[in-house]
Amino acid sequence: MALQPNLIEVTVWYRGVVEGRLARQVTNSLADAAQTEGSYVQAFDNYTDLPDRVYVPCRSYARICPEPIAEPYTYVNSNPSLVVCTDAALVKGCNVLKGIDPGGTLIVNTRRDPEFVLGLVKDLPQKARLKKVATLDAGTAHQPNTPQGGIEGSTEKAGTMRTAAALLGAIAKVTGMVSLETLTKKAPAAAEMMAHGYAFVRELANPDYDPNDTASEAAEFGRRGKVDLIVPAPLPNGSQEGHITGNYRLQRPVVDQKICTACKICWVSCPDACITMVKDDEAAAAAAAAGEADGGLDGGADGAVPAAADGGGSAATGEKVKVNLKYCKGCGICWNVCPLKCIKPVDELDFAGGVVRITYSI
Amino acid sequence: MPETIKWLGSEAPTEVRIEGYQEIKNVKDAPDVEYYVPGHRTCAGCGPALAYRLTALASGKNTIFAGPTGCMYVANTSYLCGPWAVPWIHTQITNGGAVISGIEASYKAMIRKKKYDGEFPNIICFAGDGGSADIGLQALSGCMYRGHDVLFICYDNESYANTGIQTSPMTPYGAHTTFTPPGPVVPEGKKTFPKDLLKMVAAGHPAVKYLATASIAYPVDLMNKVRKALAHKGPTFMHIHAPCPKGWAFESSKTLDIGKLAVDTGMWTLYEIVNGQVKVNYAPRRRKPVAEYVQAQGRFGHLTPEMTERLQAFVDSKLAELGLLVPIPAV
């Protein structure tokens, strides 16, 4: 249940810094247009997500309501009826449907089909509340930005939208919460991209949609679940369980173990200590066992690539380098420094496994 | 071999006392037990995080870290957990030096009172450029002056990156930060040239016998310098160049490339000062023009050729001081 019967909550998931401006353009323009159409609106960012870090999954919010908003100082959208993701890897890495209103919509900026996105949310308890999935290839914003771009305390120039404009057009088409005319009037320079988004968005009704679904509600509305305030300190060569960072990743390093000479240059260059050198057969066997104990994270049974290339499991194939996919942020330093170029970036979405659902406890 | 720099006094060198440290010969020889483990919310491609990891690899188990406020405190410790497998303490951004002084003094007192008979720990303050060259300068200076047996490391990402890229005294001329945006009145962005922190510590603190600059693009050199500094009894200081993809506006995969480019262009130099004697560790064979470094980063995107020339002149004067001023080969 939303805070107010007529309140529409919109949550935009984005990558910290690189897409910060894009997400704010979407929420601000949406709120702006809805206000022009006579609604009461709010647009703001989630602060606890740490939007100041590159590739961190973050949220930006908009609220639209025909009557005055009853609780304007609630700082998160608990029950969005529209969820927008600026890339599809976010759907894989986060529970983007958490708290979604029955009959909600998911719009994802990706080149892939809505069917593919639906496949990614199949395991979520809230999937029966999702009515519609839409995808749109709105281009990418994964470029280094200038310091005034996605960083807090900065201002953005209106009328320079591209990806955001296309997403706004898609929102207008799929949900109808604002009209394309109003959006276009507000930002005439972006009219072309908005029309593009409006025309090319692909929609799909969720076959599992159940308007009477209440199964997942009990878990949702306890405002906070179990909170583990004390995370044990890590041991040497361990990891910090409080910050699982695998959902930062857009591209996954895949090592060609046949070419690799175990020169350790990627190992020494990884800021996240995610690369482990496999020493000898015994160590490899131990490492493989540890990899399996990770909870199927890097799933040896990944259909898309051989298990060895997937970074987990199988010591028998003579692997020399192991990538810790639970924590790898996909920054690209390893495939950039590799002197033999035997580490290749592969789109995270090409792997069926490796779904890391991260929900922060606080 | 470059001669001793004038400002340090020429009669200083007596003996090089840094010995008894375990040298790392190459990458394969490096220790592989991580004390800065995965699981921290730093940016993808974070330079300072790599500096931290390499420092922790080199210093080993018997280490205590102090972390003044900055990226390496906030991003590492969000939500009540931290990625260190060794003791770590948060200090205010002003007082990193004071806290490590206290830790060192208390260990000495405990040993004197026979309450502690273990090995003396490596006490390291891992401060940002704000926590060492700007807000934390007085605590750094006090700590270095009193002669505690500690290592103070400044990881230099050339801005207050944690709060959203504000200018710091280490920000280079011409860089765009949210406090120095280029505009019609000040077209170059940042107008002033940065402090020289290593020189400042070296010139004003006679107790400090070992100082070094390092870069994350030269990891073995960095780790060896950490070990040398820790082997030395007394206050030591290191200044580590750590490119920041977010603040400098380059792709996260290019962190080490930018670090290398900084050394190749002379924007950063790798040298150490042992007992007042300067030793340059690496001089690029072919010096590159600063323009190449400038073009690789978004924060310099607005610079005109004249501004780049000013930056080049500044770099040239710095290199001349170290005796590294060689002509830039024509391309």
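Residues numbered from 1 in each chain as written. Chains lettered and ligands numbered in written order. Predicted model: local features only at pLDDT ≥ 70, side-chain atom pairs only at ≥ 80, totals over all residues. Heavy atoms only, no water.

Chemist: What is the right way to look at the domain arrangement of chain A in this model?
Modeler: You'll often see interface size given as the accessible area lost when the parts meet. Residue and element names in this part refer to chain A. Taken domain by domain, chain A holds domain 1 (8-205) and domain 2 (246-350). Counting residues at the interface gives 15 residues for domain 1 and ten residues for domain 2. Where domain 1 abuts domain 2, roughly 1000 Å² becomes buried across the two surfaces, and 60% of that area is made up of carbon and sulfur atoms. Together, Tyr 55, Lys 92 and Arg 112 form the three largest contributors to the area buried by domain 1 at its contact with domain 2, with a combined 44%. Counting across the interface, domain 1 meets domain 2 through three salt bridges. A salt bridge links Arg 112 to Asp 347; the shortest N-O distance between them is 3.4 Å. Summed over the shared surface of domain 1 and domain 2, the result is six residue pairs in polar contact (both at pLDDT 80 or more). Taken together, the elements giving at least two residues each to the side of domain 1 that touches domain 2 come down to helix 2 (89-93) and helix 3 (114-120). A total of three residues in the side of domain 1 that touches domain 2 trace back to one element, the largest contributor, which is helix 2. (Domains from an automatic or database assignment. Contact = heavy atoms within 4.5 Å. Buried area = accessible area lost by both parts, 1.4 Å probe. Salt bridge = Lys/Arg side-chain N within 4 Å of Asp/Glu carboxyl O. Polar contact = N/O pair within 3.5 Å; in protein donor to acceptor, adjacent residues only side chain to side chain. Helix = DSSP H or I, 4+ residues; strand = E, 2+ residues; numbered from the N terminus.)

Chemist: It is not clear to me how the sheet that holds strand 7 (residues 270-274) of chain B should be interpreted in this structure. Could you clarify?
Modeler: The pairing of strands in a sheet happens through backbone hydrogen bonds and is either parallel or antiparallel. All names here are of chain B. Pairing in this open sheet of eight strands is mixed, and the strands run 2-1-3-4-6-5-7-8 from one edge to the other. Lying at the two open borders of the sheet, with one neighbouring strand each, are strand 2 (88-91) and strand 8 (277-282). Direction aside, neighbouring strands of the sheet carry axes that sit 20° apart on average. Bridge analysis of strand 4 (residues 151-156) against strand 6 (residues 236-241) gives six bridges, and the strand direction is parallel. Note on strand 6: the bridge partner recorded for Cys 154 is His 239. Along the sheet face, helix 3 (residues 96-112) touches strand 1 (63-68), strand 2, strand 3 (122-128) and strand 4 and points at about 175° away from the line of strand 3. (Pairing = 2+ DSSP bridges. Axes fitted to C-alpha atoms, helices over the stretch in contact; angles between N-to-C directions.)

Chemist: Which parts of the structure should I look at to understand the packing of aromatic side chains?
Modeler: Here the distance between the centres and the angle between the planes together describe a pair of aromatic rings. If you walk through the whole model with that rule in mind, you get 17 aromatic pairs over all chains. Each ring, one from Phe 126 of chain B and one from Tyr 155 of chain B, has its centre 5.2 Å from the other, and the planes form 20°; the classification is stacked. With Phe 126 of chain B in strand 3 and Tyr 155 of chain B in strand 4, this pair connects stretches of sequence that are 29 residues apart. The buried category is assigned to Tyr 155 of chain B, whose relative accessible area is 2%. Each ring, one from Trp 248 of chain B and one from Phe 250 of chain B, has its centre 6.3 Å from the other, and the planes form 65°; the classification is edge-to-face. For Trp 248 of chain B, a relative accessible area of 1% puts it in the buried group. A relative accessible area of 5% means that Phe 250 of chain B is categorised as buried. Chaining the aromatic ring pairs together yields one cluster made of Tyr 36, Tyr 52, Phe 65, Tyr 73, Trp 84, Trp 88, Phe 126 and Tyr 155 of chain B. Positioned above the aromatic ring of Trp 267 of chain A, the side-chain terminus of Lys 264 of chain A is 4.4 Å from the ring centre. Above the ring of Trp 267 of chain A, the side-chain terminus of Arg 53 of chain B is found at 5.1 Å from the ring centroid. (Phe/Tyr/Trp six-rings, centres within 6.5 Å; stacked < 30°, edge-to-face > 60°. Buried < 20%, exposed > 50% of the residue type's maximum accessible area, 1.4 Å probe, protein only. Lys NZ or Arg CZ within 6 Å of the ring centre and 35° of its normal.)

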